[in-house]
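Here is how the chains run, residue by residue.
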Amino acid sequence: MENIFAKQEHLIHALLELEREVVGVHFIKQETDYNNYDAQEILYKIPYCVMVKSALSGHKIKVKKENFGCMAAARALGFIPPKESFLSGKDGYKFGVYKDLETAKCSSNHITLLDSAYYGMVLSPLGQYDTAPDVVIIVTTPYNAMRMVQAYTYSFGNENPFKMGGLQAMCSETTAFPMKTGNLNISMLCAGTRNLCHWKEEELAIGFPYNKLPDILTGFLQTLNPLERNPKKQIIHDKFEELGISPVPILMNQNYDDNLYEFGKSGRR
């Protein structure tokens, strides 16, 4: 029988036109739990964003500190503590991405870091989980990001404090920030992950705590009719039929902004 995580992933794919899997990230504190977790163990070093892309491609993997081929990600995700040179801004200033040391220090102090408390982590398509992951990651288009924010706002309001700086995108902005704050975040990605993973120029990343997914899905369904237009509604309707589900009635030719706009002498539409 299909589990809840597979059902949720299928529903997300029905509501959004996604080219990649929906990924769950699960943090593991104990070595015993890591050893017992049923996933392919990575035996070499790779950057964290490459790990994420592997899961986005359908692989279920587990990694630990020794596997991190990017120490910035290991630091952001709580596998190693930050060095003084990072906290002081000296590292960022040295790389030439900030105008002065003061700006570099300010940025370093605002990059989200998890506490150094983890032994390993699992990255997998959401539908392959048996127990709940901690964070969900989606790499997709701005349109789908808009729908995600609309769904989130339906359930939680629009006071979400997004954090983005174009650096440490997949590790800090998309994983550590949702894990630490409990909020959804959108990342424009960064030069490093775009180079390593060859994301499309129009792609961005979304991360949010798994425990908010049920309310986000409710938001998607409840805003489908007022916000989606007929072509998208038809695609979603067809996907619902393929899945044999009808979670909400889909109403064509109805949107929240019908007859709201005025154009010249022709009136409203």
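Conventions we followed
- Residues numbered from 1 in each chain as written.
- Predicted model: local features only at pLDDT ≥ 70, side-chain atom pairs only at ≥ 80, totals over all residues.
- Heavy atoms only, no water.
- Phe/Tyr/Trp six-rings, centres within 6.5 Å; stacked < 30°, edge-to-face > 60°.
- Helix = DSSP H or I, 4+ residues; strand = E, 2+ residues; numbered from the N terminus.
- Buried < 20%, exposed > 50% of the residue type's maximum accessible area, 1.4 Å probe, protein only.
- Salt bridge = Lys/Arg side-chain N within 4 Å of Asp/Glu carboxyl O.
- Pairing = 2+ DSSP bridges.
- Right-handed = clockwise from strand over helix to strand, strands pointing away.
- Axes fitted to C-alpha atoms, helices over the stretch in contact; angles between N-to-C directions.
- Contact = heavy atoms within 4.5 Å.
- Nonpolar A, V, L, I, M, F, W, Y, C, P; charged D, E, K, R; others polar.
- Core = buried A, V, L, I, M, F, W, Y, C linked by side-chain atoms within 4.5 Å.
- Parallel < 35°, antiparallel > 145°, perpendicular 65-115°, else oblique.

So, on to the packing of aromatic side chains. By the definition in use, this model includes seven aromatic pairs. Plain terms: the ring middles of F5 and Y210 are 5.6 Å apart, the flat faces sit at 55° to each other, and that makes the pair tilted. Here Y210 lies in the loop between strand 7 (204-209) and helix 11 (213-227) and F5 lies in helix 1 (residues 4-15), a separation of 205 residues in the sequence. For F5, a relative accessible area of 7% translates into the label buried. With 6.3 Å between their ring centres and 15° between their planes, Y48 and F68 make a pair best called stacked. One end of the pair, Y48, is in helix 3 (residues 48-56); the other, F68, is in the loop between strand 3 (61-64) and helix 4 (71-76), and 20 residues separate them in sequence. Each member of the pair, Y48 together with F68, is buried.

This next bit is on the pattern of salt bridges. Side chains that differ in charge, positive against negative, can pair when their charged atoms come close. In this structure the tally under the stated criterion is six salt bridges. The salt bridge involving E19 is made with K200; its shortest N-O contact spans 2.6 Å. Linking E19 in the loop between helix 1 and strand 1 (23-28) with K200 in the loop between helix 10 (191-197) and strand 7, this pair joins segments that are 181 residues apart in sequence. Owing to a relative accessible area of 63%, E19 belongs among the exposed residues under this scheme.

To continue, consider the sheet that holds strand 6 (residues 185-187). If you walk across this open sheet you meet the seven strands as 2-3-4-1-5-7-6, and the pairing is mixed. Edge positions in the open sheet fall to strand 2 (40-41) and strand 6, since each of these has one partner strand only. Here strand 6 runs beside strand 7; their pairing, made up of three bridges, is antiparallel. Residue pairing across strands places I186 opposite I206, the latter belonging to strand 7.

Let us now look at the pairing of strand 7. Counting buried residues along strand 7, six of its six residues qualify, which places the element largely inside the surrounding structure. Alternating positions in strand 7 separate into two faces, L204, I206 and F208 on one and A205, G207 and P209 on the other, with burial throughout. The pairing of strand 5 (residues 135-140) with strand 7 spans six bridges and is antiparallel. Of the residues in strand 7, the one forming a bridge with T140 is L204.

With that out of the way, let us pick up the pairing of strand 3. Here strand 3 shows no split at all, with I61 and V63 on one side and K62 and K64 on the other all buried. Sheet topology note: the strand 2/strand 3 ladder contains two bridges and is parallel. Opposite Q40, over in strand 3, you have I61 as the bridge partner. Traced from strand 2 through helix 3 to strand 3, the parallel crossover comes out right-handed. Two elements, strand 3 and strand 4 (residues 120-125), share four bridges in a ladder whose sense is antiparallel. Each bridged residue has a counterpart across the sheet, and for K62 the counterpart in strand 4 is V122.

Turning next to the packing of helix 3 against helix 9 (residues 169-181). At a closest axis distance of 8 Å, the pairing of helix 3 and helix 9 adopts a crossing angle of 65°. On helix 9, the residues that touch Y48, C49 and V52 of helix 3 are M170, C171 and T175. Residues of the contact of helix 3 with helix 9, tallied by class, amount to five nonpolar, one polar and no charged.

What follows covers the nonpolar core. Nonpolar side chains in soluble globular proteins generally cluster together in the buried interior. Ranked by internal contacts, the top residues of the largest apolar core, which has 38 residues, are Y48, F68, L77, M121, L123 and M170. Sorting the residues of this core by element identifies strand 1, helix 3, strand 3, helix 4, strand 4, strand 5 and helix 9 as the ones contributing at least two each. A per-element tally of this core places helix 3 first, with six residues. For M170, the contacting residues outside a window of four places in its chain are Y48, C49, V52, I137, V139, T175, L189, W199 and A205. I28, Y37, V122 and I236 belong to the second largest nonpolar core, which has 37 residues in total.

Two elements in contact, helix 8 (residues 142-156) and helix 11, have axes whose closest approach is 7 Å; the angle formed by their N-to-C orientations is 110°. Our classification of the angle between helix 8 and helix 11 gives roughly perpendicular. Contacts from R147, M148, Q150, A151, Y152, Y154, S155 and F156 of helix 8 reach helix 11 at D215, I216, T218, G219, F220, Q222, T223, L224 and L227. Along the lines of polarity and charge, the residues of the contact of helix 8 with helix 11 split into nine nonpolar, six polar and two charged.

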